[in-house]
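Spelled out from the first residue to the last, the chains are:
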Protein chains: 2
Amino acid sequence: MEKKHIGELEELVLLLIVMLKEDAYGLSIRKSLQEQANRTVTIGAVHGTLNRLESKGFVESNLGGATESRGGRRKRLFTLTASGKKVLQKSRDVKVNLWSQIPELSINKI
Amino acid sequence: MEKKHIGELEELVLLLIVMLKEDAYGLSIRKSLQEQANRTVTIGAVHGTLNRLESKGFVESNLGGATESRGGRRKRLFTLTASGKKVLQKSRDVKVNLWSQIPELSINKI
DNA sequence: TTTATTTGTTATACTTTATATAATAAATAT
DNA sequence: ATATTTATTATATAAAGTATAACAAATAAA
């Protein structure tokens, strides 16, 4: 039986991996976390989360080829598995459903 | 400075407190968690979360009056503070924004 | 009027997530 | 060679999530 839910940072990371498409790896995810989610985390936190997600089967990773930039180690690129997509959607559906039942907190009421 | 984000269960509990209005307390929240969010947690987990949320200033609680039902101890009723509402909305806004950028995972694509 | 039952909260211990700092690795440029 | 850049790994600690058991207070009922 699969674990039913994911942590808050895990959810954001899954979302950003989808958004980053072919370029989702530790540092790019960290940058998006900052820019897209206004979330400041250290790179260690990101990799910890990625490892957890992989060991749960929600993402997979493989090493990218040589880079075009200055120098640096090869990237470990991440993509969502089918199971990762499912868990993401489920977590969204639950919340969308709850929000839809709370008009008094809706987006243009505060 | 206020803590910037809340955990996944904390978010659900905040949402349900809003939904339950005048009747949000440990056991009713637990029941809603099960029914509305398909989330099975023990009552200890719920109270732990509530205490955490209160100590962060996202909810406040006070004892309810005598109950109309069979027997039982008085309820500790919870409501959101202004700060609780803010943090809830913020967390929603971030995710709504991210989802809107991922048409390929949209609700009717899987 | 005390004892059983019901409804509810608290206490405690443990696991999993989240976090930061420091160490290490591998690539290019000089 | 060695310095610089880009990147991942290791390690330690704090915070969030979880389960079980103990406790408390109300009513019913003997």
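Residues numbered from 1 in each chain as written. Chains lettered and ligands numbered in written order. Predicted model: local features only at pLDDT ≥ 70, side-chain atom pairs only at ≥ 80, totals over all residues.

Chemist: Quick question: what am I supposed to make of the protein's contact with DNA strand C here?
Modeler: Close contacts around DNA strand C come from 35 residues, with G7 and G44 of chain A together with G26, G44 and G72 of chain B the closest. At the level of secondary structure, the elements contributing two or more residues to the surface near DNA strand C comprise α1 (8-20) and α3 (43-55) of chain A together with α2 (26-37) and α3 (43-55) of chain B. Per-class residue counts for the surface near DNA strand C are eight nonpolar, 16 polar and eleven charged. (Near = placed C-beta within 6 Å. Helix = DSSP H or I, 4+ residues; strand = E, 2+ residues; numbered from the N terminus. Nonpolar A, V, L, I, M, F, W, Y, C, P; charged D, E, K, R; others polar.)

Chemist: Which parts of the structure should I look at to understand the relation of the copies chain B and chain A?
Modeler: Relating one copy of the chain to the other requires a rotation about an axis plus a shift along that axis. Take chain B, turn it by 180°, move it 0.0 Å along the axis, and it overlays chain A with an RMSD of 0.0 Å. The transformation relating the two chain copies, once decomposed into turn and shift, fits a two-fold axis. Within chain B, the C-alpha atom positioned nearest to the axis of rotation is that of E8 of chain B, 2.5 Å from it. Most of the interface of chain B is mirrored in chain A: 100% of its interface residues are interface residues there too. (Least-squares fit on C-alpha atoms with pLDDT ≥ 70 in both. Contact = placed C-beta atoms within 7 Å.)

Chemist: For this particular structure, what's the right way to read the interface of chain B and chain A?
Modeler: How big an interface is tends to be stated in terms of accessible area lost as the parts join. With 21 residues of chain B at the contact, the number on the chain A side is 21 residues. Of all the secondary-structure elements, those providing two or more residues to the side of chain B that touches chain A are α1 (8-20), α2 and α4 (82-100) of chain B. The greatest single-element share of the side of chain B that touches chain A, amounting to seven residues, is contributed by α4 of chain B. Here the side of chain B that touches chain A is built from residues that sort into twelve nonpolar, six polar and three charged.

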